[in-house]
Amino acid sequence: MTTSLTEVRTRPDLKKWVAFPIALYRGDPNFVPQLTRDELDFFSPEKNPSFKIADTKLVLASRNGNVVGRVCGIIHTLEAQKLGFRRGRFGWFECVDDRQVATALLGHLEVWFAREGCREMTGPHGFSDLDPEGMLVEGFDALPTIAGSYNKPYYAGLLERYGFEKEIDYIEQRVEVPEEPPALFKMMEKKALPAAEAEGYRLVKDLTKNKLQGYVGQFWEVLESAFEKLYGVTPLTAEQKSFYTKKYFGYLDPRFVQMVVDRQDRLQGFFLGLPSLSRAFQKARGRLWPLGFYHILRGFRQYDTVDFYFAGARPGANPQRILPLMILGMYRSTRAKNVRYIETNRELETNTMIVNAWSRFNVVSKRRTRIFRKSLPPSPA
């Protein structure tokens, strides 16, 4: 059966591209649909500044007039400057269980990447580390966060049969918040906190959304310097920072934001979290109206899980001083709201210190997502 490919250039095609996952995952209890309005804005070159620093193709696969797959291809200008070579990124890959469709989509991007002199193609990635990345390979029975990755179990096989191999994995864990502070927390409270306070470190108290906005500039400064050398991280422009601030900061709950500053009120580290909205997004079914807005507002009020968005520390900051402040601050905040679970942030499997630290708690579920890589032949001279 013939598979036809279309590069998205019109609004109707973009709507088909955005809508395809909702049809593909209909009835799946762990699929979390994104809001269609937000997705249309995100993939609009007029609204998302990421398109200014990346060559991008959105590709649709169809059979008999029905959409059967999609993918996004990205050649990131700033990433190429950072790496010293061109890499083709693919992301937002969705496909029916058909090797021919997957081959058509990935092959279309491979030809483009090779023609443009890319050394390799890797993914799933977005434009930056703040976008969904990684393909789920373990933990299909666990509900992801609204920013997490989820896909059909057969996806990895489609990539491997095309010639992709594992590049690196991310780990996400759902851990139970202990009702009583563990011995480690008691030790932190007795020894680490006084030591941190003696050196002038303090947790920012009584945060509000307005007060949080005052730290946005410092947040990006710390985030970029902390993440710069990590796998897959790309530099961000000022426009991108503004775009992601609007995209993510509106969802943050100041009660679950922990920020440590020094005597000069200079941000040293942060935990950013929010009530889990995964079930609310499922009920919204991709639409804010007529009832989606109600479900999301209710999700902010009724929850038993807090999702971590980001965590970071300024390079050179003493983790033995700032981490206890943030950990204890988050523990107190979650206990005050009777939160039962924390959904951890995406952590590289190579970051064994953090991955193992979460393993000290009762791990309810674990998800593993993977970045795949395929070498590309040199482009003809």
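Going by the structure above, here's the rest.
Described in the following lines is the structure provided in the data block. Computed from a predicted model, the values in this text were never measured in an experiment.

Parameters at a glance
Residues numbered from 1 in each chain as written. Predicted model: local features only at pLDDT ≥ 70, side-chain atom pairs only at ≥ 80, totals over all residues. Heavy atoms only, no water. Buried < 20%, exposed > 50% of the residue type's maximum accessible area, 1.4 Å probe, protein only. Helix = DSSP H or I, 4+ residues; strand = E, 2+ residues; numbered from the N terminus. Pairing = 2+ DSSP bridges. Right-handed = clockwise from strand over helix to strand, strands pointing away. Axes fitted to C-alpha atoms, helices over the stretch in contact; angles between N-to-C directions. Parallel < 35°, antiparallel > 145°, perpendicular 65-115°, else oblique. Left-handed = near helix turned anticlockwise from the far one by under 90°. Contact = heavy atoms within 4.5 Å. Nonpolar A, V, L, I, M, F, W, Y, C, P; charged D, E, K, R; others polar.

Notes on the pairing of strand β5 (residues 120–123)
When a strand is regular, its side chains alternate between the sheet's two faces.
Item 1. Here β5 shows a buried face lined by Glu-120 and Thr-122 and a second buried face lined by Met-121 and Gly-123.
Item 2. Relative to β5, strand β4 (residues 87–95) runs parallel, the two sharing three bridges. If you follow Arg-89 over to β5, its bridge partner there is Thr-122.
Item 3. Following the backbone out of β4, through helix α4 (residues 99–115) and into the adjacent parallel β5, one traces a crossover that is right-handed.
Item 4. Pairing between β5 and strand β14 (residues 363–375): four bridges, direction antiparallel. Directly across from Gly-123, in β14, lies its bridge partner Phe-372.

Looking at the packing of helix α8 (residues 216–227) against helix α9 (residues 238–248)
Item 1. Taken N-terminus to C-terminus, the directions of α8 and α9 make an angle of 110 degrees; their axes are 11 Å apart at the nearest point. Classified by the angle their axes make, α8 and α9 are roughly perpendicular. With respect to the hand of their crossing, α8 and α9 are arranged in right-handed fashion. Residues Val-216, Trp-220 and Glu-224 of α8 pack against Lys-241, Tyr-244 and Thr-245 of α9.
Item 2. Partitioning the contact of α8 with α9 into residue classes produces three nonpolar, one polar and two charged.

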